[in-house]
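# Structural overview
Here is how the chains run, residue by residue.
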Amino acid sequence: MSEADEFDLLAASLRADASDVEAFVEALATKLEVSFPDRVDVERKGGRLGGRKHVARMTVTLADRSFELEHDHADVSCRRRNVVRGIVLKSEELTLDEWIADLSHVLTQVAGETERGRAALQRLLES
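Residues numbered from 1 in each chain as written. Predicted model: local features only at pLDDT ≥ 70, side-chain atom pairs only at ≥ 80, totals over all residues. Heavy atoms only, no water.

It is worth spelling out the overall build of the protein at this point. Scanning the protein for helices and strands turns up four helices and five strands. N-terminal to C-terminal, the α/β element order of the protein is α-α-β-β-β-β-β-α-α. Considering the protein as a whole, with its 127 residues, one finds that 36% of them fall into the buried category. The long-range share in the protein, meaning contacts at least 24 apart out of those at least 6 apart in sequence, stands at 43%. A total of about 7,300 Å² of accessible surface is found on the protein, and carbon and sulfur atoms cover 48% of it. (Helix = DSSP H or I, 4+ residues; strand = E, 2+ residues; numbered from the N terminus. Buried < 20%, exposed > 50% of the residue type's maximum accessible area, 1.4 Å probe, protein only. Contact = heavy atoms within 4.5 Å. Areas by Shrake-Rupley, 256 points an atom, 1.4 Å probe, with all protein chains shown as cover.)

In structure tokens form, the structure reads like this:
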């Protein structure tokens with residue numbers, strides 16, 4: 001499968017449940033945590049009185065980019081940051097679709113660099 005095909009498949013997979021924002025963010029966080037545990041940080045909040053915690057923020061760090069998604073009920077804000085040696089050089093607000101497309105593209109590139117990355121991408125596509 002070509003890199004372009006993998007990108008299209010990954011982007012479609014990540015968008016699959018976007019109609020229900022709450023479920024979408026939870027599913028996306030879980031998929032990314034399982035597939036790329038060393039590159040994903042998920043912050044969960046809530047859970048008062050034994051209730052279930054929800055994803056408040058997730059950050060995916062890939063090469064020189066950081067993809068951040070903040071979630072508060074039906075509101076989702078996304079941004080991409082270019083980071084060099086721990087310094088943010090550029091930060092952009094993105095729509096959810098733009099964020100998914102860019103994240104998918106970079107994930108596909110990074111995953112293709114190593115066998116471990118390809119296996120992680122395959123797990124993501126299968127989940």
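One pass over the structure, following the stated rule, counts twelve salt bridges. Between Asp102 and Arg65 there is a salt bridge, with the nearest N and O atoms lying 3.5 Å from each other. Residue Asp102 is found in helix H3 (residues 96-111), and its partner Arg65 is found in strand S3 (residues 65-72); the two are separated by 37 residues along the sequence. Residue classification places Asp102 among the buried residues on the basis of a relative accessible area of 13%. As a salt-bridge pair, Glu70 and Arg79 come within 3.3 Å of each other at their nearest N and O atoms. We classify Glu70 as partly exposed; its relative accessible area is 24%. (Salt bridge = Lys/Arg side-chain N within 4 Å of Asp/Glu carboxyl O.)

Further remarks concern the confidence of the model for the protein. Summarising the model, the protein shows a mean pLDDT of 78, and 69% of its residues fall at 70 or more. Taken element by element, the predicted model of the protein shows its lowest mean pLDDT in helix H1 (residues 3-15) (52) and its highest in S3 (92). (pLDDT = per-residue confidence, 0-100.)

Before going further, it helps to spend a moment on the sheet that holds strand S4 (residues 75-84). If you trace the five strands from one edge of the open sheet to the other, you get S1-S2-S3-S4-S5, paired in antiparallel fashion. Here the strands that pair on one side only, and so sit at the sheet edges, are strand S1 (40-46) and strand S5 (87-94). Taking each pair of neighbouring strands and ignoring which way they run, the sheet shows an average axis angle of 20°. Relative to S3, strand S2 (residues 53-62) runs antiparallel, the two sharing six bridges. Note that in S3 the partner of Thr61 across the bridge is Ser66. Of the strands in this sheet, S1, S2, S3 and S4 are in contact with helix H2 (residues 21-35), which crosses S2 at around 45°. (Pairing = 2+ DSSP bridges. Axes fitted to C-alpha atoms, helices over the stretch in contact; angles between N-to-C directions.)

This part takes up a nonpolar patch on the surface. A cluster of nonpolar side chains, contributed by Val84, Ile87 and Leu89, occupies part of the molecular surface with about 280 Å² of accessible area. Turning to its location among the elements, Leu89 is positioned in strand S5. (Patch = residues over 30% accessible without salt bridge, like charges linked within 9 Å, V, L, I, M, F, W, Y side chains within 5 Å.)

So, about the environment of Ala74. Residue placement: Ala74 occurs in the loop between S3 and S4. Take Ala74: its relative accessible area is 61%, and that puts it in the exposed class. Considered as a pair, Ala74 and Glu22 are 52 residues apart in the sequence and their alpha carbons are 6.7 Å apart.

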